[in-house]
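Structural description and commentary
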Amino acid sequence: MLALGSSGGCVTTLQQDLNHVNGANLNVDGRYGALTRQAVINVQRTYGLERDGTVGEKTAQTLSNLTRYSLAFPQSAPANYPPSFDPAKAGAWAKVNAQSYVSQFKPDPCTDFVSRALAVAGMAQDDAWWDPDDSVQRYMHYPNLSGPWINVTKAAEYWVGQGWAREIPLDLRNPASAVMARPGDLIYFQWDGSTHMAMVTGMSGTTALKSEQNGGATPPFSTDGQWHLSYSRGQVPVIDVSAYKGVQAKLLHWNEQPQ
């Protein structure tokens, strides 16, 4: 834990990371002063973490992830997601229904399953996302035009584009790199032209657990499975890069609290 008044090499590293990740322009002096604290709050605010100005496990891991992948700091903080939406309710629904949900739309229903959980939890019914009937028609007749309700990439772009969630890159070889996840957050995977999306439904220590539907995997669902073993055919871990060329994972993290 680093906080106002801390000093030493860890604070020096923190200041370097803050300068790299969010252009804080801090004097790297190893002293956790008011300017360093404010830079920490800026990161916490932008990436949906509790804004307490201290660097605990979640904030430290988030900074590590961002620094590892050299991501530029967004210029604007995320907006409030709709007050009707309860991420924890979405996570609870996904956990209960992962084994039994039957999609009306497609045999590989990962994003449809996630969208249904979000809708049940009160997500605003924006026509750009909510219109499943139209999305189904587009999916059936023009697969490249499928909408956010059932398309992994377009779903991620939609939630980030609304400003309600931020992308945090994850290290597939480090289960704790998703320690900041909360039930209702989304994890999406990309590799060799393929994608997959799952919902965080709990934690086991520092490892996020996910529930999902996945018609291309064996078994075709998962309840409270470890996030870094997602989308496995025949239980082949996604961390096996020989099976999943170029694989990467990102967390879509809803705001921790009102901005």
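First, a word on what this report is: a plain description of the structure on this page.

Conventions we followed
- Residues numbered from 1 in each chain as written.
- Predicted model: local features only at pLDDT ≥ 70, side-chain atom pairs only at ≥ 80, totals over all residues.
- Heavy atoms only, no water.
- Phe/Tyr/Trp six-rings, centres within 6.5 Å; stacked < 30°, edge-to-face > 60°.
- Core = buried A, V, L, I, M, F, W, Y, C linked by side-chain atoms within 4.5 Å.
- Buried < 20%, exposed > 50% of the residue type's maximum accessible area, 1.4 Å probe, protein only.
- Helix = DSSP H or I, 4+ residues; strand = E, 2+ residues; numbered from the N terminus.
- Contact = heavy atoms within 4.5 Å.
- Axes fitted to C-alpha atoms, helices over the stretch in contact; angles between N-to-C directions.
- Parallel < 35°, antiparallel > 145°, perpendicular 65-115°, else oblique.
- Left-handed = near helix turned anticlockwise from the far one by under 90°.
- Nonpolar A, V, L, I, M, F, W, Y, C, P; charged D, E, K, R; others polar.
- Lys, Arg positive; Asp, Glu negative; His and termini not counted.
- Salt bridge = Lys/Arg side-chain N within 4 Å of Asp/Glu carboxyl O.
- Polar contact = N/O pair within 3.5 Å; in protein donor to acceptor, adjacent residues only side chain to side chain.

Further remarks concern the packing of aromatic side chains. Scanning all chains against the criterion turns up twelve aromatic pairs. With centroids separated by 5.4 Å and ring planes inclined at 80°, the aromatic side chains of Y81 and F85 adopt a geometry described as edge-to-face. Of the aromatic side chains, those joined through ring pairs into one cluster are Y81, F85, W129, W149, Y158, W159, W164 and W254.

Our next topic: the nonpolar core. With 34 residues, the main nonpolar core has L14, L18, F189, W227 and L251 as its most contacted residues. Sorting the residues of this core by element identifies α1 (9-22), α2 (34-46), α3 (57-68), β1 (165-170), β2 (186-191) and β6 (248-254) as the ones contributing at least two each. A total of four residues in this core trace back to one element, the largest contributor, which is α1. Excluding residues within four positions of it along the chain, F189 makes contact with L172, S194, T195, H196, W227, S230, V238, Q248 and A249.

Following both chains from N to C, one finds helix α4 (residues 87-97) and helix α5 (residues 110-120) inclined at 130°, their axes separated by 8 Å at the closest point. Between α4 and α5, the interaxial angle falls into the category oblique. The handedness of the crossing between α4 and α5 comes out as right-handed. Of α5, the residues touching α4 (which contributes K89, A90, W93, A94 and N97) are F113, R116, A117, L118 and V120. Of the residues that constitute the contact of α4 with α5, the class distribution is seven nonpolar, one polar and two charged.

The next subject is the side chain of D185. The residue D185 is located in the loop between β1 and β2 in this model. Of the side chains bearing the opposite charge, R182 lies closest to the buried D185, which forms no salt bridge; the N-O distance is 4.3 Å. From its side chain, D185 meets the backbone nitrogen of W254 in a polar contact 3.2 Å long.

Below, the discussion takes up unusual backbone geometry. If you check the backbone angles, D192 has positive phi at about 40° while not being a glycine. Tracing the chain through its elements places D192 in the loop between β2 and β3 (194-204). Relative accessible area serves as the criterion here: at 59%, D192 is assigned to the exposed category.

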